[in-house]
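Here is how the chains run, residue by residue.
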Amino acid sequence: MPLIPDETIERVKTATDIVEIISEHVQMRQAGRNWLGLCPFHNEKSPSFNVNPELQIYHCFGCGVGGDVVKFLQEIDKVSFVEAVTFLAERAGIPVTRPGGSSTEDERNDQLFQANELAAKFFHHMLRQPAGADALRYLHKRGLTDETIDEFRIGYALPGWTSFLEMAGRRGFAPPVLEQAGLAATKGRGHYDRFRDRVIFPITNLSSRPIGFGARALRPDDKPKYLNSPETPIYHKSGVLYGLSRARDSIRRSGTAIVVEGYMDVVSLAQGGVDNVVASSGTALTGPHARLLARYSERVVLLFDGDAAGGTAAERGVEVLLGTEMDTRIVTLPTGQDPDSFVHRDQGANDLQQLIDKAPPALDVYLDRMAAGIDLNSVTGRARAIERLLPLISECKEEVRRSLMLRRAAQRLDVDETALRADLAAAQSRPAPARREPEATPDSPPPPAREPAMVNKLERQFAGLLLQYPRLLAATARRLDLDVFTDHEVRRLLDYLVSAYPDGRLDLTALLNSVDEDLSRLVTVCAMETFDADYVDEIWEDHVLRLQRESLTRQIDEAKRAIRRVNETVGPGEELDRLRTRQNELMAARMALEARRGGAGS
Ligand SMILES: [Zn+2]
């Protein structure tokens, strides 16, 4: 494992607030001492994702993920430990000397991130060079200011076939790496630049790091008009929305996400003061996109050009969103207008805001459009409309909402609601057709991991207490035999804690990095237990006594079983006497304990 000095990691972590970092990805509210939100790693409706600001760790009770801020970044951005620490260090202004890499998957991803960052810098730089004059003129003509261009890091790719390859080669990036990063392509013998003579829009992940590019042709006869990075190990189109890293705060604040179709629309609207806007990049809107948006707001407004609203991509987007629980609205601009041109008019941003506030429900617009294209007066027409509608409605998982959709559809199509309901039931009982989109994109979260088998709540609480108040470790080692713990993992954890931190100076980061996956999961889940800080010693004492009592009860039960067994097989004798003595001793011990516990409690 490549090494960053421990003291640097320590400094970076001290300078970083996990709540702040995670808030950039997850909408959270304070719940007691912890922060609570919807888990970004699995699909859920009620929040089970917890962040503990005191211990600077997170844990999801739904899928079992957990760790510190570095682990969070590793998971959400799919980067290595070193890359995550480096990112946090840069953010905090702490210098890090990067170690040399090995050849793991993480290291490869790091390289791809670096190649994309280099490309973003290169393209942006070239825009202001003589070669980029046409591109810059084009952007100015579209009404973009230099500030906007810089903010979105818009750039220009040179027309030559190897300009970027050569520059990147001098910085140590081999052509195959650039190809994997989506920046180079191959033909016959050699590699060449994927993007040539185009205006470049960097596409970033939620940590604002470039992971791909959208490239617009400068000349009308250059095809295609838009060229995008291919899917790469770090760029999964169905999981990325252009502009989201920048827009998400504003989406959260305004309670609305505006979805447009192009990069230029996002940039122009942002310049016009409409910040809560994103676009899908290089693909139609997908289910994962919708789930991504749902993390930040419950209301989505699709903003369409006057001409594009009938496009299949637009329709797909509507269909995807109708199947979610989001309040989906549609704004269709007047014919001939696109968001870019609309916002540039006088009062454009104002007018747009009004349209957005009054946007009609997507289902109504969808039904209207359908009604316009199909003759609803004919029986076959209505049948066709229903055929198209039913899968959409059945996709909707919420009963109330599905009912509402049925009613509106029945009204609009002028069919009997009960009949429509029956059709839906029939459609649902048929075997499901192949899904319209692959659910398992490389970006989807892993299947929920099993929580470690922790039947014993008491033991888990106790481990949590020790993790949060490690000064109690020494006393615990003196008072408790580890055999009192029935949970194998808890026992393993406490065994480790007692031997690794005899002086009670526990460092959670170091701990998480030095134990295996099972234990680290257990650490984060236990650490989410909360205790009243004023009564820590009393709570500890009470737990110790209860653990001892439970252990004694188990031993007594065991002794009873043994007595019965010996009685039935061997009969009276030395062994039976020995077992009875043992049982009596245990019961006496339990009584003494109970007396003590009663005393402690009063
Ligand atoms: Zn989760």
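Whatever comes next refers back to the structure up there.
Residues numbered from 1 in each chain as written. Predicted model: local features only at pLDDT ≥ 70, side-chain atom pairs only at ≥ 80, totals over all residues. Heavy atoms only, no water.

Chemist: I tried to follow the packing of aromatic side chains on my own but got confused; where do I start?
Modeler: Each aromatic ring pair is described using two quantities: the centre-to-centre distance and the angle formed by the ring planes. Scanning the model with the defined rule gives 19 aromatic pairs in all. Relative to Tyr 263, the ring of Tyr 226 lies with its centre 5.8 Å away and its plane at 55 degrees, an arrangement referred to as tilted. Placement of Tyr 226 in strand E11 (residues 226–228) and of Tyr 263 in helix H11 (residues 263–271) is noted, with a sequence separation of 37 residues between them. Note on Tyr 226: relative accessible area 30%, which makes it partly exposed. Here the aromatic cluster, defined as three or more aromatic residues joined through ring pairs, consists of Phe 122, Phe 123, Phe 164, Phe 195 and Phe 213. Across the ring face of Phe 113, the terminal group of Arg 209 is positioned such that the distance to the ring centre comes to 5.0 Å. Over the ring of Phe 342 we find Arg 345; its NZ or CZ atom is 4.1 Å from the centre of that ring. (Phe/Tyr/Trp six-rings, centres within 6.5 Å; stacked < 30°, edge-to-face > 60°. Helix = DSSP H or I, 4+ residues; strand = E, 2+ residues; numbered from the N terminus. Buried < 20%, exposed > 50% of the residue type's maximum accessible area, 1.4 Å probe, protein only. Lys NZ or Arg CZ within 6 Å of the ring centre and 35° of its normal.)

Chemist: Just checking my understanding: could you explain the coordination of the zinc ion for this structure?
Modeler: The coordination sphere of the zinc ion, as far as protein atoms go, consists of Cys 39 (SG), His 42 (ND1), Cys 60 (SG) and Cys 63 (SG), spread over 2.1 to 2.3 Å. Around the zinc ion sit 4 donor atoms; with metal-centred angles ranging over 103 to 119 degrees, the donor geometry is tetrahedral. Spacing between the donor residues of the zinc ion along the chain follows C-x2-H-x17-C-x2-C. Residue His 42 is found in the loop between strand E2 (34–37) and strand E3 (49–52), and its partner Cys 63 is found in the loop between strand E4 (57–60) and strand E5 (66–68); the two are separated by 21 residues along the sequence. Classification of His 42 by relative accessible area gives buried; the value is 14%. (Donors = N, O, S within 2.8 Å, 3.2 Å for Na, K, Ca; no water. Tetrahedral: all angles 85-135°; square planar, octahedral: opposite > 155°, others 65-115°.)

Chemist: Would you explain the packing of helix H18 (residues 399–413) against helix H19 (residues 417–429) in this entry?
Modeler: Geometrically, a packed helix pair is captured by the angle between its two axes and the distance between the axes. Direction vectors running N to C along H18 and H19 enclose 125 degrees, while the axes themselves pass 9 Å from each other. Overall, the two elements H18 and H19 adopt an arrangement that is oblique. Crossing handedness for the pair H18 and H19: right-handed. Facing H18, whose interface residues are Arg 402, Ser 403, Leu 406, Arg 407, Ala 409 and Ala 410, H19 presents Glu 417, Leu 420, Arg 421, Leu 424 and Gln 428. (Axes fitted to C-alpha atoms, helices over the stretch in contact; angles between N-to-C directions. Parallel < 35°, antiparallel > 145°, perpendicular 65-115°, else oblique. Left-handed = near helix turned anticlockwise from the far one by under 90°. Contact = heavy atoms within 4.5 Å.)

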